[in-house]
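Analysis of the macromolecular model
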Amino acid sequence: HVFHVGASTTGEMVAGVWSCSPCTERIDEQPCDEFCQILEGTVVLTAADGTAHEFGPGDGFVIPKGWTGTWHMPVPVRKTYVILVPETDSTAGAA
């Protein structure tokens, strides 16, 4: 579930609250810079090089644009987040 505190267009910041059931998700390339703070549950982030970090309630971290790895959530997770929505080229595909 995602709840956005405010709406956004490209090139702006978006903040909200996100929750998820237990799962593991592979991220091939993080599309934007994201700050997270865990409210409930546990997240284990494992980078492509094998470096793992575990975060729990009260912990905050940043996932940089371009990061590759896995998010493992062994229990339900609830977090706040702030992302910088990447700007897109509005002329892409224009003739």
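Here is what the cut-offs are and how they apply
- Residues numbered from 1 in each chain as written.
- Predicted model: local features only at pLDDT ≥ 70, side-chain atom pairs only at ≥ 80, totals over all residues.
- Heavy atoms only, no water.
- Core = buried A, V, L, I, M, F, W, Y, C linked by side-chain atoms within 4.5 Å.
- Buried < 20%, exposed > 50% of the residue type's maximum accessible area, 1.4 Å probe, protein only.
- Helix = DSSP H or I, 4+ residues; strand = E, 2+ residues; numbered from the N terminus.
- Phe/Tyr/Trp six-rings, centres within 6.5 Å; stacked < 30°, edge-to-face > 60°.
- Lys NZ or Arg CZ within 6 Å of the ring centre and 35° of its normal.
- Pairing = 2+ DSSP bridges.
- Axes fitted to C-alpha atoms, helices over the stretch in contact; angles between N-to-C directions.
- Contact = heavy atoms within 4.5 Å.
- Patch = residues over 30% accessible without salt bridge, like charges linked within 9 Å, V, L, I, M, F, W, Y side chains within 5 Å.
- Areas by Shrake-Rupley, 256 points an atom, 1.4 Å probe, with all protein chains shown as cover.
- Salt bridge = Lys/Arg side-chain N within 4 Å of Asp/Glu carboxyl O.

1. What to know about the nonpolar core
The biggest cluster of nonpolar side chains holds 17 residues, and the ones touching the most others in it are V43, L45, F61 and W71. Elements with a minimum of two residues in this core: β2 (13–20), β4 (34–40), β5 (43–47), β7 (60–63), β8 (69–73) and β9 (77–84).

2. Remarks on the packing of aromatic side chains
Under the defined criterion, the tally for this structure stands at 2 aromatic pairs. Both rings, one in F55 and one in F61, keep their centres 4.2 Å apart while their planes meet at 25°; by these two values the pair is stacked. Just as F55 is buried, F61 falls in that class too. One aromatic cluster is present, built from ring pairs that chain together F55, F61 and W71. One cation-aromatic arrangement involves K79 over W18; the distance from NZ or CZ to the ring centre is 4.8 Å.

3. Regarding the sheet that holds β5
As summarised here, the arrangement of the 4 strands in space is β3-β8-β5-β6, forming an open sheet in which the pairing is antiparallel. Both outer strands of the open sheet, β3 (23–27) and β6 (52–55), are each paired with one neighbouring strand and no more. Strand-to-strand, the axes of this sheet are offset by a mean angle of 15°, without reference to chain direction.

4. Considering the environment of M73
Looking at the element boundaries, M73 is found in strand β8. Expressed as a C-alpha distance, the spacing of M73 and P22, which sit 51 residues apart in the sequence, is 5.0 Å. Discounting chain neighbours no more than four positions away, the residues touching M73 are W18, C20, P22, C23, T42 and V43.

5. Points about a nonpolar patch on the surface
A cluster of nonpolar side chains, contributed by M13, F35, V62, V82 and L84, occupies part of the molecular surface with about 440 Å² of accessible area. Tracing the backbone through its elements, the reader meets V82 in strand β9.

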